Amino acid sequence: MKPSKMLSMAWLNLKQRKLRTALTTLSVVIGITTIIAVASLGEGFRGEIRQRMEQGFELDVLIVFPGSFAAGLREGFSQADIDYVKGIENVTFATPLITIPLTEDIKLCNETGVKLGAFTVGGVNFTEMREMLPQRFKLMNGNFPAENETGKIVLGYKAGIVNETVIAGVGDNVSLIMASGTLQLNFAVSGVLAKGGTSSITNFDYWAFISIEDARKIVHNKDKPYQIILVKVSSVQKAENVAKEIEKHFPPYSVTVFVPVAFARQVDSILNLVQMFLVAIGSISLLVAGVGIMNIMTVAVMERTREIGILKAVGAKNRTVLGMFLAEALLIGIIGGLIGEFTGYLFSYGLALALNSFLQPAGIGVMERPDTQRIGMTPAFSPAWMVTAILFAITICIVFGLYPARKAAKLNPVEALRYE
């Protein structure tokens, strides 16, 4: 019998038992809906995290810290360390950073004694920082200090503006006061950085920057004054090799090299595992649907035993009977898969809306910092997942329909005709 004729007969048989067919197909629809919704939401969440990481980190910039989790905090870096890092192959250039955390004993105040909004003062080479982070280290107004110019300070956006009130701006004088007034350094504000917004290591909204020459006057360890080295690599693919070369120069566990691209890859792998786990859970519902299909088709074989006997009596072969029942399973898989993809599309958006409401409840926003970015769930539909889902539905239907189909094919025609 031709496949088209077989499919036509299978379609007619399904139409004769509409309610049973609808309920059987519904179980497949539920399974595919679950898989599509979970997969699309997982893919959308991965995309959101990937985008946030690309916004939050420069993938071609490594950050080198002294110390490690195993060895604890260590002393800073010397100029010789900086020169070594600069000489590593595939390093475009490197620049040191001196950090001065602002505490109760170290304050940054304006001319009237009001504390600025900065959390940290960084001693930098302004020219190198502009070249290292051109998208983040840019001015909203004012100018950067000239090369080797001292006595000037550049404020982060939130350092000079506290609660929407300008505490210090371009042209104002600010003072770095240490140890309850025993030491005071005065700076003229030469510029204010543009608002960063994103939460990341290189968000400088709450920083203030002075020249590295001014910062050296403050630190106690004159031989190793640098706490951070920023390293720009020639390409993202070379980042991990450069990190290994940097670690070779120092004693084991004495430095930590943050490699953004490796971190992003690890996070992506974890999210991928979580997505696969959720899809596997969703697939269980489709397996349950397959058991239902096998049960329904077994009952159908018993009900149609005499019909099968007549077919065999007029010359139908075993493979023809087998093909008829498998064709019914195939049609259920195709119809259920197509409807399931459509309902999965709708369900994923409904689920995303509910999750977004849960993640961003009304009223919480007023308590958050205004520059805090919230994570949103948006489904992302992959053609690969759509094709995989419908193929999985068809496979499940055929696999679970194989037993009753073989049972029907092996029926003895004489016994089948005598079956009551």
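Description of the structure in this document. Computed from a predicted model, the values in this text were never measured in an experiment.

Turning next to the overall build of the chain. When helices and strands are tallied, the chain shows 12 helices and 13 strands. Compactness check: the chain gives a C-alpha radius of gyration of 34 Å against a globular reference of 22 Å for 420 residues, more than 25% above the reference. Expressed along its principal axes, the backbone C-alpha trace of the chain runs to roughly 110 × 50 × 35 Å. In the chain, which comprises 420 residues, the share counted as buried stands at 45%. For the chain, the share of sequence-separated contacts (at least 6 apart) that also reach a separation of at least 24 residues comes to 80%. Carbon and sulfur atoms provide 62% of the accessible area of the chain, an area that totals close to 21800 Å².

A word on the side chain of Ser175. Among the secondary structure elements, Ser175 is positioned in strand E9 (residues 173–178). According to the relative accessible area criterion, Ser175 is buried, its value standing at 12%. Engagement of the side chain of Ser175 in a polar contact is seen with the side chain of Gln184, the distance being 3.4 Å. A distance of 2.7 Å separates a polar atom in the side chain of Ser175 from a polar atom in the side chain of Asn186. Ignoring any residue separated from it by four or fewer positions in sequence, one finds Ser175 in contact with Lys107, Leu108, Cys109, Gln184, Leu185 and Asn186.

Our next topic: the environment of Phe325. With respect to the secondary-structure elements, Phe325 resides in helix H10 (residues 318–359). Residues Phe325 and Ala408, spaced 83 residues apart in sequence, show a C-alpha to C-alpha distance of 8.1 Å.

What follows is about the packing of aromatic side chains. Scanning the model with the defined rule gives 14 aromatic pairs in all. By the ring-pair criterion, three or more aromatic residues cluster together here, those being Phe126, Phe137, Phe144, Phe204, Trp207 and Phe209.

Time to look at the pattern of salt bridges. Taken as a whole and judged by the stated rule, the model has 11 salt bridges. Arg46 serves as the salt-bridge partner of Asp268, at 3.2 Å between the closest nitrogen and oxygen. Within this pair, whereas Asp268 is found in helix H8 (residues 260–303), its partner Arg46 is found in helix H2 (residues 18–56), the two being separated by 222 residues in sequence. For Asp268, a relative accessible area of 24% puts it in the partly exposed group. A residue is classified by how much of its surface remains accessible, and Arg46, at 11% relative accessible area, is buried. Between Glu245 and Lys248 there is a salt bridge whose closest N-O contact spans 3.2 Å. Placement of the pair is Glu245 and Lys248 together in helix H7 (residues 239–249), with a separation of three residues, close to one helical turn. A network of salt bridges, in which partner residues are shared, links Glu43, Arg46 and Asp268.

On to the pairing of strand E6 (residues 152–155), then. Relative to strand E10 (residues 183–193), E6 runs parallel, the two sharing four bridges. Bridge pairing in E10 links Leu155 to Val192. Of the strand pairs in this sheet, E6 and strand E11 (residues 207–211) are connected by three bridges, and their pairing is antiparallel. Counterpart to Val154 in the pairing with E11 is Phe209.

Moving on, we come to the nonpolar core. Core analysis: the biggest nonpolar cluster contains 45 residues, and Leu62, Leu108, Ile153, Leu155, Val231 and Ile246 have the highest contact counts within it. When sequence neighbours within four positions are dropped, the list of residues in contact with Leu108 reads Leu102, Val114, Lys115, Leu116, Ala118, Val121, Ile153, Leu155, Val174, Ser175, Leu176 and Ala208. Counting residues in each nonpolar core, the second largest holds 33 residues, with Met6, Ile308, Ile332 and Ala408 among its members.

Here the focus is a nonpolar patch on the surface. A surface patch of nonpolar side chains, about 660 Å² in accessible area, is lined by Ile270, Val274, Phe277, Leu278, Ile281, Ile284 and Val288. With respect to the helices and strands, Phe277 occurs in helix H8. Residue Phe277 is classed as exposed on the basis of its relative accessible area, which comes to 55%.

One way to put it is that H2 packs onto H8 with a least axis distance of 9 Å and a crossing angle of 175°. Comparing the axis directions of H2 and H8 gives the class roughly antiparallel. Each residue belonging to the contact of H2 with H8 can be placed in one class, and the counts come to 21 nonpolar, 10 polar and six charged.

Rules and cut-offs
Residues numbered from 1 in each chain as written. Predicted model: local features only at pLDDT ≥ 70, side-chain atom pairs only at ≥ 80, totals over all residues. Heavy atoms only, no water. Helix = DSSP H or I, 4+ residues; strand = E, 2+ residues; numbered from the N terminus. Rg over C-alpha atoms; globule rule 2.2 N^0.38 Å. Buried < 20%, exposed > 50% of the residue type's maximum accessible area, 1.4 Å probe, protein only. Contact = heavy atoms within 4.5 Å. Areas by Shrake-Rupley, 256 points an atom, 1.4 Å probe, with all protein chains shown as cover. Polar contact = N/O pair within 3.5 Å; in protein donor to acceptor, adjacent residues only side chain to side chain. Phe/Tyr/Trp six-rings, centres within 6.5 Å; stacked < 30°, edge-to-face > 60°. Salt bridge = Lys/Arg side-chain N within 4 Å of Asp/Glu carboxyl O. Pairing = 2+ DSSP bridges. Core = buried A, V, L, I, M, F, W, Y, C linked by side-chain atoms within 4.5 Å. Patch = residues over 30% accessible without salt bridge, like charges linked within 9 Å, V, L, I, M, F, W, Y side chains within 5 Å. Axes fitted to C-alpha atoms, helices over the stretch in contact; angles between N-to-C directions. Parallel < 35°, antiparallel > 145°, perpendicular 65-115°, else oblique. Nonpolar A, V, L, I, M, F, W, Y, C, P; charged D, E, K, R; others polar.

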